[in-house]
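Here are the chains, one letter per residue:
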Amino acid sequence: MELKANMAGNVWKITVNQGDKVESGQDVVILESMKMEIPIAAEEAGTVAELKVNEGDFVNEGDVIAVID
Amino acid sequence: MIQKVLIANRGEIAARIIRSCQKMGIRTVAVYSDADQNAPYVKMADEGYLIGPPRVNESYLNVDKIVAAAKDSGADAIHPGYGFLSENEDFVKRCQDEGLIFIGPSSDVIKQMGSKIAARKAMQQAGVPVVPGTDGAVASLEEAMETAQSIGYPVMLKASAGGGGIGMQIVASEDELAKAFENNSKRALTFFGDGSMFIEKKLENARHIEIQILADQHGNVIHLFERECSIQRRNQKVIEEAPSAFISEKTRKQMGEAAINAAIALRYSNAGTIEFLVDENENFYFLEMNTRIQVEHPVTEEITGLDIVEQQLKIAQGERLHFTQEDIKINGHAMEARIYAEDPVTFFPSPGHITKFDIPTGKAVRNELAVTEKSDVTPFYDPMIGKLIVRGETRQESISLLKQALAQYKIEGIKTNIPMLLKVVDLEQFKMGNTTTDFVQKHYLPLVQTN
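Residues numbered from 1 in each chain as written. Chains lettered and ligands numbered in written order. Predicted model: local features only at pLDDT ≥ 70, side-chain atom pairs only at ≥ 80, totals over all residues. Heavy atoms only, no water.

1. Remarks on the overall build of chain A
Short version of the rule: Every helix listed is a DSSP run of H or I at least four residues long, and every strand listed is a run of E at least two residues long, numbered separately from the N terminus. It is over C-alpha atoms that the radius of gyration is taken, and the globule rule equals 2.2 Å times the number of residues to the power 0.38.
A tally of regular secondary structure across chain A gives 0 helices and 8 strands. Along chain A, helices (α) and strands (β) appear in the sequence β-β-β-β-β-β-β-β when read from the amino end. Taking 11 Å as the expected radius of gyration for a compact globule of 69 residues, we find that chain A reaches 11 Å, a close match to that expectation. Considering only C-alpha atoms, chain A reaches an extent of 30 × 20 × 20 Å along its principal axes.

Put into structure tokens, the structure is as follows:
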């Protein structure tokens, strides 16, 4: 399952590592834009198969941030 | 007398401060980051200093660079605006050490009001009512449960170091508290480096009503009545008005007196705002004190005829207030709508390039602007790009003026919250003055989410 950015902004923090097991609702990354920090949480439980971004990267709305299997 | 002011801020508030300085014959110095080179406020100032890259830590929060710009330009005072360094006690101390006048209160007051726990204690001592809850952080989930039990559900769980609604949650039962406590504590630790939590009673149908005060350095304090700021999204204000349509003359007087007592107890000087939550029975409780100019100050200016920035400058140079409480009267009704670069439904920021920018005009309309046509709205700063203020004789007239003005506002190239504002001012509940802090969730979101 692809986890997508819901707004344009910078990747402020990545709170998981590749290979980590995540629960549904667990924060995966925190985006930051215009003084607002938006946590992006996993929609389903699974394993972080791939992280597509690094801390400090700029992402646009709709960009894939991580893949969770 | 202050001769030259450096404005340690950006956007609409920098422009606003420069206007008052110009009126008073004070020279102005703007500071700006690489992202703000073409910003309108930089052009308005007599001088401008580039202070670093776009990121706030390297520019607008960079104390060394800002102090150096003040020294180089020969400024004798610094106006901090709101946000950034405006409530930073170390910055105030640094200004003092450098012989610069900080336009604001002492570092001690800022420190006290910056801590939710210390502020609560100071207000209790000054006889100002506070929301029922813990006087400090709760040590454990067990203690949180005991407290919640004794004050009664629903309660607000809040992070001590929190802000912007992060680490904050309404909890209606013990089960919910158990789940929310750990999650929010963990999140607060990630965001603020401090996971300590406290608990307050959740007030039902509460309104956010705040009192503007002015206090000089000679112990004179007056209030400029209230502003109601209950229309919020993400715990941030969207529409503000003065006076409040809800409180009685008696409550207005009591709130004003409570705010004055608080300022006297704190030995406060500067303009300042005491924020209260007001319940459906007009009981009011201290929320927090802002020791700086407030975003929504224009609505108070519109109904009192005073220039609050000018008053700040006069207070900072040691002048006494030129008027007493009896001189201040409410004249008409004013409203402010904040124009945000954001999606009108999700409220997520929308940075980008502005391709068209037509603003409303007219005698009853006041615009405070951070941008112009062809401006880039960058992801580095607050999404607020402007404020639209109207003044009418009555609340009803204010609403129709705001509606007309919003309809004239045309911004293209980025998403804005104007469609949301237009819907809100047209809602019957808004017109009736049923403006509680859950207004957006209760009356606006259902309207757009079903579509």
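Text resumes after the structure shown.
2. Brief notes about the sheet that holds strand β8 (residues 197-201) of chain B
All names here are of chain B. Note the threshold: Strands pair, by our definition, only if DSSP identifies at least two bridges between them. For helices, the fitted axis covers only the stretch in contact; all axes are lines through C-alpha atoms, and the angles between them, taken along N-to-C directions, range from 0 to 180 degrees.
On the basis of which strands lie adjacent, the open sheet formed by 3 strands has the order β7-β6-β8 and antiparallel pairing. If you trace the sheet from one side to the other, it starts and ends with β7 (169-171) and β8, each paired once. Neighbouring strand axes in the sheet, compared pairwise and without regard to direction, differ in orientation by 30° on average. With 3 bridges joining them, strand β6 (residues 155-159) and β7 adopt antiparallel strand pairing. Paired with M156 across the two strands is I170, which belongs to β7.

3. Quick word on the pattern of salt bridges
Residues and elements named next belong to chain B. To be explicit about the condition: A pairing counts as a salt bridge when a side-chain nitrogen of Lys or Arg comes within 4 Å of a carboxyl oxygen of Asp or Glu. Partly exposed residues are those whose accessible area sits between 20% and 50% of the maximum for their type, while under 20% is buried and over 50% is exposed, using a 1.4 Å probe and protein chains only.
In total, this model carries 41 salt bridges over all chains according to the counting rule given. In this structure, R292 engages E87 in a salt bridge whose closest nitrogen and oxygen atoms are separated by 3.1 Å. Placement of R292 in the loop between β13 (284-290) and α10 (297-304) and of E87 in the loop between β4 (77-79) and α4 (89-97) is noted, with a sequence separation of 205 residues between them. Accessibility expressed as a relative area gives 15% for R292, which makes it buried.

4. Considerations on the pairing of strand β12 (residues 270-278) of chain B
All names here are of chain B. Most of β12 is tucked away: 9 of the 9 residues are buried. Of the strand pairs in this sheet, strand β9 (residues 207-215) and β12 are connected by 9 bridges, and their pairing is antiparallel. Note that in β12 the partner of I211 across the bridge is I274. Relative to β13, β12 is paired through 6 bridges, and the arrangement is antiparallel.

5. Description of the packing of aromatic side chains
Quick note on the threshold: The pairing test for Phe, Tyr and Trp rings, Trp by its six-membered ring, is centres within 6.5 Å, and the orientation test on the planes gives stacked under 30 degrees, edge-to-face over 60, and tilted for anything in between. Ring-over charges, as used throughout, are those where CZ of Arg or NZ of Lys falls within 6 Å of the ring centre and within 35 degrees of the ring normal.
For the structure shown, the criterion picks out 8 aromatic pairs over all chains. Each ring, one from F357 of chain B and one from Y409 of chain B, has its centre 6.3 Å from the other, and the planes form 80°; the classification is edge-to-face. Taken together, the residues F357 of chain B in strand β16 (residues 356-358) and Y409 of chain B in the loop between α12 (395-408) and β20 (410-412) connect sequence positions 52 residues apart. In this structure F357 of chain B comes out as buried when scored by relative accessible area, which is 11%. Overall, the relative accessible area of 4% leaves Y409 of chain B in the buried class. Considering the side-chain rings of F430 of chain B and F439 of chain B, the 6.3 Å spacing of their centres and the 75° angle between planes classify their relative orientation as edge-to-face. In this structure an aromatic cluster arises from ring pairing among Y60, F84, F380 and Y381 of chain B. Between K13 of chain A and the ring centre of W12 of chain A, over which it is positioned, the NZ or CZ distance is 4.3 Å.

6. Quick word on the interface of chain A and chain B
To keep it simple, the criterion reads: Contacts are residue-level and defined by heavy atoms, with any inter-residue pair within 4.5 Å sufficient. Each of two parts loses accessible area, computed with a 1.4 Å probe, when they are put together; buried area is these two losses added. We call two N or O atoms a polar contact when they sit within 3.5 Å, provided that within protein one can donate a hydrogen and the other can accept it, with sequence-adjacent residues counted only if both atoms are side-chain atoms.
Taken together, the contact between chain A and chain B spans 18 residues of the former and 20 residues of the latter. Both faces combined, the contact of chain A with chain B buries some 1600 Å², and carbon together with sulfur accounts for 63% of it. A per-residue breakdown of the area chain A buries against chain B is headed by M34, K35 and M36 of chain A, which together make up 39% of the total. The tally of links between chain A and chain B comes to 3 salt bridges. Counting across the interface, chain A meets chain B through 2 residue pairs in polar contact (both at pLDDT 80 or more). Secondary-structure elements contributing two or more residues to the side of chain A that touches chain B are β2 (9-14), β4 (27-33) and β5 (36-41) of chain A.

7. Thoughts on α10 of chain B
Residues and elements named next belong to chain B. Judged by how many residues are buried, α10 sits mostly within the fold: 7 of 8 residues are covered. Residues of α10 that are buried: H297, P298, V299, T300, E301, I303 and T304. Of the residues one or two after α10, G305 is the one with positive phi, at around 80°.

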